[in-house]
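Residue-level structural notes
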Amino acid sequence: MTLFGILIIIHLMYNLLNKFIFFVSVAGLLSITFTADIPVLMYHHIRTPSPTDNALLRDLSFSPANFSKHLDYLAESGYTPITLKDLPHTIPGNNIKSKTVILTFDDGYADNWQAFLELRKRKLKGVFFIITSQINKPGHLNASQIREMSQSGMEIGSHTVHHYNLSTLKVSLLESEVVQSKVVLENITSKSVISLCYPSGKYSPAVMAALKTSGYRYGRTTLPGVNLAISANYEIKVIRIHNYSLKLPL
Ligand SMILES: [Zn+2]
């Protein structure tokens with residue numbers, strides 16, 4: 001082989017190596033992007049709407065049969081429901097699977113028990129945000145149900161004590177809503193509570209700061225969007241499930 005032939009081969013090999021490095025780099029970047037997108041679904045009532053419901057209650061009511069269909073669809077599409085507690089303590093580049101989803105349930109309604117039973121039957125997880133002043137009240141989950149849900153792997157998060165608009169509260173009341181609800185839920189579950197759902201989606205920089213100093217790692221909003229898998233996120237976005245959301249946008 002001539003020197004020219006050897007130089008041609010070296011040149012071709014160099015080009016191939018460059019292409020390989022480029023491919024690996026792009027694949028790496030893509031995998032980080034994919035693993036970072038985590039859709040968070042927002043459910044309220046898991047109940048069959050009644051003709052006497054007002055428009056709001058109807059919109060917030062998703063039937064157990066349709067909820068079951070959502071879970072079937074997630075399983076068929078290869079999605080794994082996790083909780084906020086399952087998110088790694090590191091920034092993207094983590095080991096979160098590409099098809100990960102978080103199911104959240106607001107307000108601690110008694111009918112969320114049906115959602116829990118369906119999740120437990122399938123060995124799946126969800127995050128339930130509880131208004132602590134409503135525990136044991138008619139239409140809401142009771143303390144022993146919340147404990148059992150937690151023991152079965154569900155994450156119990158705070159939806160504050162009274163469901164006030166946190167963004168308008170003076171500091172002392174804001175702190176008691178955030179801290180007291182956490183204490184009550186930790187006493188019931190004997191586990192740390194690290195997530196809070198802002199009542200009516202209302203929050204502010206002061207509210208986020210209060211969450212951080214009180215030991216929360218996540219604040220869930222009602223803003224539409226998907227989320228980065230990061231260690232602390234006080235602006236978790238959601239996909240809102242309406243009564244008519246029969247097909248998941250995933
Ligand atoms: Zn609420």
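Residues numbered from 1 in each chain as written. Predicted model: local features only at pLDDT ≥ 70, side-chain atom pairs only at ≥ 80, totals over all residues. Heavy atoms only, no water.

On to unusual backbone geometry. Although it is not a glycine, Asn 136 adopts a positive phi angle of roughly 75°. Following the sequence through the fold, Asn 136 ends up in the loop between strand E6 (127–130) and helix H5 (143–151). Although it is not a glycine, Thr 160 sits at a positive phi angle of roughly 70°. Inspection of the secondary structure assignment puts Thr 160 in the loop between strand E7 (155–158) and helix H6 (171–189). (Helix = DSSP H or I, 4+ residues; strand = E, 2+ residues; numbered from the N terminus.)

Tyr 43, Phe 67, Leu 103, Phe 105, Phe 128 and Tyr 198 are the most contacted members of the largest nonpolar core, which has 43 residues in total. Aside from chain neighbours lying at most four places away, what touches Tyr 198 is His 159, Leu 166, Tyr 203, Val 207, Met 208, Leu 211, Gly 219, Arg 220, Thr 221 and Tyr 234. Judged by nonpolar contacts, the second largest core, of 14 residues, contains Val 40, Leu 87, Val 127 and Phe 129. (Core = buried A, V, L, I, M, F, W, Y, C linked by side-chain atoms within 4.5 Å. Buried < 20%, exposed > 50% of the residue type's maximum accessible area, 1.4 Å probe, protein only. Contact = heavy atoms within 4.5 Å.)

The next point concerns the pattern of salt bridges. With the rule as written, the count across this model stands at eight salt bridges. A salt bridge links Arg 47 to Asp 53; its shortest N-O distance comes to 2.9 Å. Residue classification places Asp 53 among the buried positions, given a relative accessible area of 14%. We note a salt bridge from Lys 182 to Glu 186, for which the minimum N-O separation is 2.9 Å. Taken together, the residues Lys 182 and Glu 186, both in helix H6 and four residues apart, mark about one turn of the helix. (Salt bridge = Lys/Arg side-chain N within 4 Å of Asp/Glu carboxyl O.)

Our next topic: the coordination of the zinc ion. Coordination sphere of the zinc ion, protein contribution only: Asp 107 (OD), His 159 (NE2) and His 163 (NE2), at 2.1 Å. The sequence motif formed by the donor residues of the zinc ion is D-x51-H-x3-H. Of this pair, Asp 107 sits in the loop between strand E5 (100–106) and helix H4 (112–121) while His 163 sits in the loop between E7 and H6, and the two are 56 residues apart along the sequence. Of the residues examined, Asp 107 reaches a relative accessible area of 8% and is grouped as buried. The class of His 163 is partly exposed, set by a relative accessible area of 28%. (Donors = N, O, S within 2.8 Å, 3.2 Å for Na, K, Ca; no water.)

Lys 182 sits in the buried class, given a relative accessible area of 11%. Among the polar contacts made by the side chain of Lys 182, one reaches the main-chain carbonyl oxygen of Val 193 at a distance of 3.2 Å. (Polar contact = N/O pair within 3.5 Å; in protein donor to acceptor, adjacent residues only side chain to side chain.)

We now examine the side chain of Thr 104. Relative to the assigned elements, Thr 104 resides in strand E5. For Thr 104, the side chain forms a polar contact with the main-chain oxygen of Leu 41, separated by 2.6 Å. One polar contact links Thr 104 to Arg 220, side chain to side chain, over a distance of 3.1 Å. Other than its neighbours up to four places away in sequence, Thr 104 contacts Val 40, Leu 41, Met 42, Tyr 43, Val 127, Phe 129 and Arg 220.

A few words now on the packing of helix H3 (residues 64–76) against H4. Between H3 and H4, whose axes approach to 11 Å, the crossing angle comes to 30°. Judged by the inter-axis angle, H3 sits roughly parallel to H4. Considering only the axes of H3 and H4, their crossing is right-handed. Residues Phe 67, Ser 68 and Leu 71 of H3 form the contact with H4, whose participating residues are Ala 115, Glu 118 and Leu 119. When grouped by side-chain class, the residues that make up the contact of H3 with H4 number four nonpolar, one polar and one charged. (Axes fitted to C-alpha atoms, helices over the stretch in contact; angles between N-to-C directions. Parallel < 35°, antiparallel > 145°, perpendicular 65-115°, else oblique. Left-handed = near helix turned anticlockwise from the far one by under 90°. Nonpolar A, V, L, I, M, F, W, Y, C, P; charged D, E, K, R; others polar.)

Scored by pLDDT, the protein comes out at a mean of 87, with 81% of its residues at no less than 70. In the predicted structure, residues 19–35 sits below a pLDDT of 50 and forms seven contacts with residues beyond four places in sequence or in another chain. (pLDDT = per-residue confidence, 0-100.)

Here we take up H5. Looking at H5, one finds that the buried residues are Ala 143, Gln 145, Ile 146, Met 149 and Ser 150. Taken around the axis of H5, the buried residues stretch over an arc of 160°, which confines them to a single face. Contact partners of the buried residues in H5: H4, E6, E7 and H6. Where H5 ends, the next residue or the one after it, Gly 153, has phi of about 100°, a positive value. (Arc of directions from axis to C-beta.)

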